[in-house]
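Fold and contact review
This is what each chain is made of:
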Amino acid sequence: MPGRVEGKVAFITGAARGQGRSHAIRLAQEGADIIAIDIAAQIDTVPYPMATPEDLAETVRQVQSLGRTIVATRADVRDYDAVKAAVDDGVAQFGRLDIVVSNAGIASYAPIDQISEASWKDMIDVQLNGMWHVAKASIPHLRSTGGGSIILTSSDAGLYAIPNGGHYNSAKHGVAGLMKTLALELAPDNIRANTLHPCMVDTPMIDNEAIFRLFRPDLENPTKEDLTVPAMGLNALPIPWVEAVDISNAVLWLASDEARYVTGAELPIDAGSNLKN
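The structure displayed is predicted, hence computed values, not measured ones. (Residues numbered from 1 in each chain as written. Predicted model: local features only at pLDDT ≥ 70, side-chain atom pairs only at ≥ 80, totals over all residues. Heavy atoms only, no water.)

1. Observations concerning the overall build of the protein chain
A count of helical and extended segments in the protein chain gives 8 helices and 7 strands. Its C-alpha atoms give the protein chain a radius of gyration of 18 Å, within 12% of the compact-globule value 19 Å for 277 residues. With respect to the principal axes defined by its C-alpha atoms, the protein chain has extents near 55 × 40 × 35 Å. Relative to its full complement of 277 residues, the protein chain shows a buried share of 52%. For the protein chain, the share of sequence-separated contacts (at least 6 apart) that also reach a separation of at least 24 residues comes to 74%. Summing over all exposed atoms, the protein chain offers an accessible surface of approximately 11,900 Å²; the carbon and sulfur share of this is 53%. Side-chain charges of the protein chain comprise 22 positive and 34 negative groups, with the mean position of each set lying 5 Å from the other. (Helix = DSSP H or I, 4+ residues; strand = E, 2+ residues; numbered from the N terminus. Rg over C-alpha atoms; globule rule 2.2 N^0.38 Å. Buried < 20%, exposed > 50% of the residue type's maximum accessible area, 1.4 Å probe, protein only. Contact = heavy atoms within 4.5 Å. Areas by Shrake-Rupley, 256 points an atom, 1.4 Å probe, with all protein chains shown as cover. Lys, Arg positive; Asp, Glu negative; His and termini not counted. Charge placed at Lys NZ, Arg CZ, Asp CG, Glu CD.)

Dropping the structure here:
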């Protein structure tokens with residue numbers, strides 16, 4: 001039986017691990033070939049270890065194990081020329097582009113009056129400027145294909161405010177605004193655009209000491225287990241976080257013909273957290 005995105009090509013950013021790797025695997029399982037990029041390096045203002053070249057190589061291995069083809073490149077979404085070169089090269093090899101999953105993101109935490117200039121700039125550059133770079137570089141290829149689906153990863157913090165994340169909130173709300181403009185401008189080209197708004201997702205972005213301490217400042221050495229109760233308090237459903245594959249299933253749906261008339265939508269996969277805020 002053909003897969004739900006059989007014969008299509010997906011461009012995925014932040015693909016070395018976490019949600020990005022999960023998206024690559026899920027789309028490959030359903031028949032897509034993959035163009036993947038990741039910075040695979042550390043950004044100084046990010047308070048947890050970021051992905052490595054070895055992580056990106058593991059994504060390649062897992063996609064190939066499914067019998068699909070993947071072109072993977074180390075590229076920083078803050079660098080438009082690097083993003084464009086990566087997607088242009090992938091399309092030259094595959095001959096088309098159908099799906100764009102702009103997923104690359106970072107997190108850091110501080111009250112808004114204590115956020116450093118560097119941290120604010122890095123956040124906006126990765127989370128918002130990077131999304132624009134990915135869309136801008138991809139649109140000509142989607143037009144050549146005759147249409148497609150652009151999926152931008154926002155956050156539940158793109159729907160409401162959270163403390164200690166003014167730069168993150170600002171970027172993620174901006175992503176939703178960017179998406180709506182893309183959806184409106186690209187509709188005549190049969191290109192759809194939508195945003196995903198996850199709550200906490202069980203990836204390295206939450207499985208690190210910085211976020212443990214943010215949620216449990218009362219403990220000297222908080223662990224992931226100590227994060228569970230306060231994280232659960234954010235959601236309506238009785239869970240602390242969702243899994244990466246839960247977001248990937250939403251990506252698959254938005255990328256598939258099942259969502260052929262869905263555009264301009266802000267899709268929460270958030271265990272009901274938006275109902276409590």
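2. Re helix α4 (residues 117-145)
Look at α4: 41 Å from first C-alpha to last across 29 residues, which is about the 42 Å you get at 1.5 Å a residue. Bending of α4 peaks at approximately 35° at the position of Ile139, with proline Pro140 no more than four residues after it. (Expected span 1.5 Å × (residues − 1). Bend = angle between axes of the 7 residues up to and from the residue.)

3. Things to note about the layout of surface pockets
What the second largest pocket holds in volume is close to 200 Å³. Lining the second largest pocket are 15 residues, and of these Lys8, Gly147, Gly148, Asn190 and Asp257 lie nearest its centre. Looking at the lining of the second largest pocket, its residues break down into 2 nonpolar, 7 polar and 6 charged. (1 Å grid on protein atoms, 1.4 Å probe; cavity = no way out; pocket = protein on both sides within 12 Å on 5 of 7 lines; lining within 4 Å. Points joined across faces, edges and corners; volume = space filled by probe spheres on them. Nonpolar A, V, L, I, M, F, W, Y, C, P; charged D, E, K, R; others polar.)

4. Description of the sheet that holds strand β7 (residues 266-269)
The sheet built from 7 strands is open, its strands ordered β3-β2-β1-β4-β5-β6-β7 with parallel pairing. One side of each edge strand has no neighbouring strand; the edge strands of this open sheet are β3 (70-74) and β7. Direction aside, neighbouring strands of the sheet carry axes that sit 15° apart on average. In the sheet, strand β6 (residues 191-198) pairs with β7 via 4 bridges, with the strands oriented parallel. (Pairing = 2+ DSSP bridges. Axes fitted to C-alpha atoms, helices over the stretch in contact; angles between N-to-C directions.)

5. Regarding the packing of helix α3 (residues 80-94) against α4
In a pair of packed helices, the angle between the axes and the distance between the axes together describe the arrangement. At a minimum axis distance of 9 Å, the contact between α3 and α4 shows a crossing angle of 30°. Regarding the angle of α3 to α4, the classification is roughly parallel. Taken as a pair, α3 and α4 cross one another with a handedness that is right-handed. Contact with α3, carried on its side by Tyr80, Val83, Lys84, Val87, Asp88 and Val91, involves His133, Val134, Lys136, Ala137, Ser138 and His141 of α4 and no other residues of that element. Grouping the amino acids of the contact of α3 with α4 by side-chain chemistry returns 6 nonpolar, 3 polar and 3 charged. (Parallel < 35°, antiparallel > 145°, perpendicular 65-115°, else oblique. Left-handed = near helix turned anticlockwise from the far one by under 90°.)

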